[in-house]
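Structural description and commentary
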Amino acid sequence: MKLKISELNSEFQDRFFEMSAGDLPDRGTVFRDGIIQCRLTAKTVQNGFEISGEVYATPEYECIRCLDVHSVSHTLPIQLILCTEKGFTSKENGADIVYYSENQEYLELSSTFADIIELAKPMNPVCAKQCKGLCPVCGINKNNGSCFCKINDNEKWNYI
């Protein structure tokens, strides 16, 4: 996603942006609808600009129990300081700093948005808390039906 520096200079509040998921750098994430939306507010600060708002994305994850693919709608907060001064550090908690050159016309933030979305990925994605997973013997998805497999009592199956 490209933002014009001139747009940032004019400041804006609660402005909606939309980008194709294909425009993001590949992080291995698949999106249900292929669209990433965001609502951003930009204001001028001492060393550049502050961008805040939310990113709306619907990535698809593979359940670690049953291996079915499911999608999750995320509303992710974003807070960035866009700065030309390389040694600048933010005093605000939670704000990431993106450096840019004073002679740039545009700021490319696709990589930053891709990182934010990828970092929201759960460590162990499951389709539902009640997911029964796969049978360790025959592999049937126990959410969709039962099997008649017998598991040796001496063997312990650890389900996440």
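Placed above this text is the structure.
First things first, this report covers the structure right here in the doc. (Residues numbered from 1 in each chain as written. Predicted model: local features only at pLDDT ≥ 70, side-chain atom pairs only at ≥ 80, totals over all residues. Heavy atoms only, no water.)

**Observations concerning the sheet that holds strand β2 (residues 12-20)**
Rules: Whether two strands pair depends on DSSP finding at least two bridges between them. Only runs of H or I of at least four residues qualify as helices and only runs of E of at least two qualify as strands under DSSP, and these elements are numbered from the N terminus. To obtain an axis, a line is fitted to C-alpha atoms, over the contacting stretch when the element is a helix, and the angle between two such axes runs from 0 to 180 degrees between their N-to-C directions. Contact definition: two residues touch when any of their heavy atoms are within 4.5 Å.
Within the open sheet, the 5 strands sit side by side as β2-β4-β5-β8-β9. Their pairing is mixed. Single-partner strands in this sheet number two, and they are β2 and β9 (96-99). Going across the sheet, the axis of each strand differs from the next one's by a mean of 30°, ignoring polarity. Sitting on the sheet, helix α2 (residues 110-119) touches β2, β4 (35-45), β5 (48-57), β8 (74-83) and β9, and the angle it makes with β8 is about 140°.

**Concerning the environment of Arg65**
Defined as follows: Summary of the burial criterion: residues with accessible area below 20% of their type's maximum are buried, those above 50% are exposed, and those between are partly exposed, where the area comes from a 1.4 Å probe applied to protein chains only. Polar contact criterion, stated in full: a pair of N or O atoms within 3.5 Å, where within protein one must be able to donate a hydrogen and the other to accept it, and residues adjacent in sequence count only if both atoms are side-chain atoms.
Looking at the secondary structure, you find Arg65 in the loop between β6 (59-62) and β7 (69-71). On the basis of relative accessibility, which here comes to 22%, the residue Arg65 falls in the partly exposed class. Separated by 68 residues in sequence, Arg65 and Gly133 place their C-alpha atoms 4.2 Å apart. Separated by 3.4 Å, the side chain of Arg65 and the backbone oxygen of Cys131 make a polar contact.

**Notes on the pattern of salt bridges**
It is possible for side chains of opposite charge to pair when their charged atoms get near one another. What counts here: Salt bridges, as used here, are contacts in which a Lys or Arg side-chain nitrogen is within 4 Å of a carboxyl oxygen on Asp or Glu.
The tally for this structure, following the rule as stated, stands at 4 salt bridges. In this structure, the salt-bridge partner of Arg15 is Glu7, at a minimum N-O distance of 3.4 Å. Classification of Arg15 as partly exposed rests on a relative accessible area of 32%. Across the pair Glu54 and Arg39 runs a salt bridge whose closest N-O atoms are separated by 3.2 Å. Separated by 15 residues along the polypeptide, Glu54 in strand β5 and Arg39 in strand β4 bring together distant segments of the chain. Since its relative accessible area comes to 25%, Glu54 is described here as partly exposed. Salt bridges sharing partners connect three or more residues here, namely Asp14, Arg39 and Glu54.

The values are spatial; any link to function lies outside them.
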